[in-house]
2 protein chains.
Amino acid sequence: MSNEFKLFGARNSVEEVEEGQILAPKFDKDGLIPVVTTDYDTGEVLMHAYMNNEALAKTIEIGDAVYYSRSRKVIWHKGGTSGLVQKVKELRIDDDQDCVWMRVEVTGGASCHVGYRSCFYRSVNFSDKARGQEPVELNFEETDKVFDPKKVYGDAPNPTQL
Amino acid sequence: MSNEFKLFGARNSVEEVEEGQILAPKFDKDGLIPVVTTDYDTGEVLMHAYMNNEALAKTIEIGDAVYYSRSRKVIWHKGGTSGLVQKVKELRIDDDQDCVWMRVEVTGGASCHVGYRSCFYRSVNFSDKARGQEPVELNFEETDKVFDPKKVYGDAPNPTQL
């Protein structure tokens with residue numbers, strides 16, 4: 001794979017980072033950069049995850065979303081187990097280059113390990129009746145799962161941590 | 001303001017967190033939760049920021065986006081200086097409840113301190129000519145700034161850190 005030290009520019013000045021035309025990402029103290037993944041056609045936020053320098057380099061190289069799994073501590077080619085590969089149509093970086101926005105097309109139509117299209121399948125209930133209620137109530141924005149996680153992942157450990 | 005301990009539910013089981021109807025957010029070891037903010041009408045990702053429990057409680061209470069500034073270490077009612085307030089139209093939480101997606105309407109049409117509509121005003125150049133080039137080249141997706149940061153922020157320190 002590409003050498004990420006050649007692939008990414010240096011962060012020498014705020015002006016270069018904010019206004020320049022060289023990718024110079026900032027990885028946090030754990031070596032990670034947050035990634036927002038949206039559906040290319042609908043704009044829906046599908047998931048929020050992380051990449052390390054190797055995952056970002058690999059994503060740019062192959063054009064599929066490659067993340068870093070914090071729970072499993074490995075590079076993670078999304079869809080390797082589930083088949084739900086994300087094809088990268090556009091990859092954006094923010095002003096200070098410490099966050100990535102990826103616009104993707106999803107093979108199979110789902111991105112969430114629970115089985116929904118988006119990981120963000122619930123919203124805060126802001127109705128008059130629910131307003132001020134404690135604890136805050138959630139509504140389901142998606143009602144039907146796209147796939148059955150038990151069939152797809154079998155006995156693999158659930159990534160959700162309490 | 002509301003007591004966030006009453007506002008947020010306990011995280012007792014993966015099933016409750018993933019499939020339940022109670023908001024039970026997970027704040028990281030620094031007490032923060034990442035937030036993806038998109039334009040309600042266009043779906044464009046405007047910014048990626050963080051909230052602590054107080055900022056999330058305040059956002060739900062007043063319906064404007066309230067973040068936690070990691071550089072200034074304060075609760076930050078977005079638009080307090082610039083007037084570019086974000087009205088929250090929808091607030092979603094992800095499967096394991098460790099990330100927030102907010103759909104907002106922006107007073108003044110911009111969310112980025114550099115002056116652009118979105119913080120994500122640059123994309124990786126995937127053209128045939130640029131492909132494989134090192135370091136990776138960026139294209140500007142927005143060409144005109146919505147406002148002049150110098151006029152709006154004056155001498156306030158730039159939040160971008162190298």
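In this text, all values refer to a predicted model and were calculated from it rather than measured experimentally. (Residues numbered from 1 in each chain as written. Chains lettered and ligands numbered in written order. Predicted model: local features only at pLDDT ≥ 70, side-chain atom pairs only at ≥ 80, totals over all residues. Heavy atoms only, no water.)

Visitor: What's the story with the overall build of chain A in this structure? I'm lost.
Guide: Scanning chain A from terminus to terminus reveals 4 helices and 8 strands. Taken over the C-alpha atoms alone, chain A extends approximately 50 × 40 × 30 Å along its principal axes. Counting across all 162 residues of chain A, residues that qualify as buried make up 52%. Long-range contacts, defined here as pairs at least 24 residues apart, represent 47% of the contacts in chain A between residues at least 6 apart. Taken together, the 20 basic and 27 acidic charged side chains of chain A have centroids lying 6 Å from each other. (Helix = DSSP H or I, 4+ residues; strand = E, 2+ residues; numbered from the N terminus. Buried < 20%, exposed > 50% of the residue type's maximum accessible area, 1.4 Å probe, protein only. Contact = heavy atoms within 4.5 Å. Lys, Arg positive; Asp, Glu negative; His and termini not counted. Charge placed at Lys NZ, Arg CZ, Asp CG, Glu CD.)

Visitor: Before we go on, may I ask you to explain the interface of chain B and chain A in this structure?
Guide: Between chain B and chain A, the residue contacts involve 72 residues of the former and 73 residues of the latter. Both faces combined, the contact of chain B with chain A buries some 6,000 Å², and carbon together with sulfur accounts for 55% of it. The largest per-residue losses of area from chain B upon contact with chain A belong to Phe-120, Arg-122 and Leu-162 of chain B, which jointly make up 12% of the total buried on that side. Where chain B meets chain A, there are 8 salt bridges. Residue Lys-145 of chain B is joined to Glu-19 of chain A by a salt bridge in which the shortest nitrogen-to-oxygen separation is 2.7 Å. Class assignment of the residues belonging to the side of chain B that touches chain A gives a composition of 31 nonpolar, 18 polar and 23 charged. (Buried area = accessible area lost by both parts, 1.4 Å probe. Salt bridge = Lys/Arg side-chain N within 4 Å of Asp/Glu carboxyl O. Nonpolar A, V, L, I, M, F, W, Y, C, P; charged D, E, K, R; others polar.)

Visitor: Just checking my understanding: could you explain the nonpolar core for this structure?
Guide: Among soluble globular proteins, nonpolar side chains are generally buried collectively. Counting 75 residues, the largest nonpolar core has Met-102 of chain A together with Met-102 of chain B as its most contacted members. Excluding anything up to four places from it in sequence, Met-102 of chain B contacts Val-35, Val-36, Thr-37, Thr-38, Met-51, Thr-59, Ala-65, Tyr-67, Val-88, Glu-90 and Leu-91 of chain B. (Core = buried A, V, L, I, M, F, W, Y, C linked by side-chain atoms within 4.5 Å.)

Visitor: When you look at the relation of the copies chain B and chain A in this model, what are you seeing that I'm missing?
Guide: In summary, the two copies of the chain are related to each other by a rotation about an axis coupled with a shift along it. Superposition of chain B onto chain A requires a rotation of 180° combined with a translation of 0.0 Å along the rotation axis, giving an RMSD of 0.0 Å. The transformation just described matches what one would write down for a two-fold rotation axis. For chain B, the minimum C-alpha distance to the rotation axis belongs to Gly-43 of chain B and amounts to 2.4 Å. The residues that chain B uses at the interface reappear at the interface of chain A in 100% of cases, marking a shared surface. (Least-squares fit on C-alpha atoms with pLDDT ≥ 70 in both.)

Visitor: Could you clarify how one ought to interpret the pairing of strand E4 (residues 74-77) of chain B in this entry?
Guide: Within a regular beta strand, the side chains point alternately toward one face of the sheet and then the other, so they alternate between its two faces. Strand direction decides the pairing type here: strand E3 (residues 66-69) of chain B and E4 of chain B, joined by 4 bridges, are antiparallel. Looking at the pairing, Tyr-68 of chain B lines up with Ile-75 of chain B of E4 of chain B. (Pairing = 2+ DSSP bridges.)

Visitor: How do you make sense of the pattern of salt bridges when you look at a structure like this?
Guide: A side chain with one charge can pair with a side chain of the opposite charge if their charged atoms come near. One pass over the structure, following the stated rule, counts 16 salt bridges over all chains. For the salt bridge of Glu-90 of chain A with Arg-92 of chain A, the shortest nitrogen-to-oxygen distance reads 2.7 Å. The pair Glu-90 of chain A / Arg-92 of chain A is uniform in exposure class, with both members buried. Taken together, the shared-partner salt bridges in this structure form one network comprising Glu-90, Arg-92 and Arg-103 of chain A together with Glu-141 of chain B.

Visitor: Help me out: how do you make sense of the sheet that holds strand E5 (residues 86-93) of chain B in this one?
Guide: Whether parallel or antiparallel, the strands of a sheet pair through hydrogen bonds between backbone atoms. Read across the open sheet, the 6 strands follow the order E8(A)-E7(A)-E5(B)-E6(B)-E1(B)-E2(B); overall the sheet is mixed. In this open sheet, the two strands that pair with only one neighbour each are strand E8 (138-140) of chain A together with strand E2 (45-51) of chain B. Sheet twist, expressed as the mean angle between neighbouring strand axes with direction ignored, is 30°. Bridging between strand E1 (residues 33-39) of chain B and strand E6 (residues 100-106) of chain B involves 5 bridges; their strand directions are parallel. In the strand pairing of E6 of chain B, Val-35 of chain B is matched with Val-100 of chain B. (Axes fitted to C-alpha atoms, helices over the stretch in contact; angles between N-to-C directions.)

Visitor: Looking at this model, I keep getting lost on the sheet that holds strand E8 (residues 138-140) of chain B. Mind explaining?
Guide: Ordered in space as E2(A)-E1(A)-E6(A)-E5(A)-E7(B)-E8(B), the 6 strands form an open sheet in which the pairing is mixed. With partners counted over all chains shown, the strands left at the sheet margins are strand E2 (45-51) of chain A together with E8 of chain B, one partner each. Averaged over neighbouring strand pairs, the angle between their axes works out to 30° when direction is ignored. Relative to strand E6 (residues 100-106) of chain A, strand E5 (residues 86-93) of chain A runs antiparallel, the two sharing 7 bridges. Each bridged residue has a counterpart across the sheet, and for Leu-91 of chain A the counterpart in E6 of chain A is Met-102 of chain A.

Visitor: Could you clarify how one ought to interpret the environment of Pro-159 of chain A in this entry?
Guide: Positionally, Pro-159 of chain A belongs in the segment after helix H4 (149-153). Sequence-wise, Pro-159 of chain A and His-48 of chain A are 111 residues apart; in three dimensions their C-alpha atoms are separated by 13 Å.

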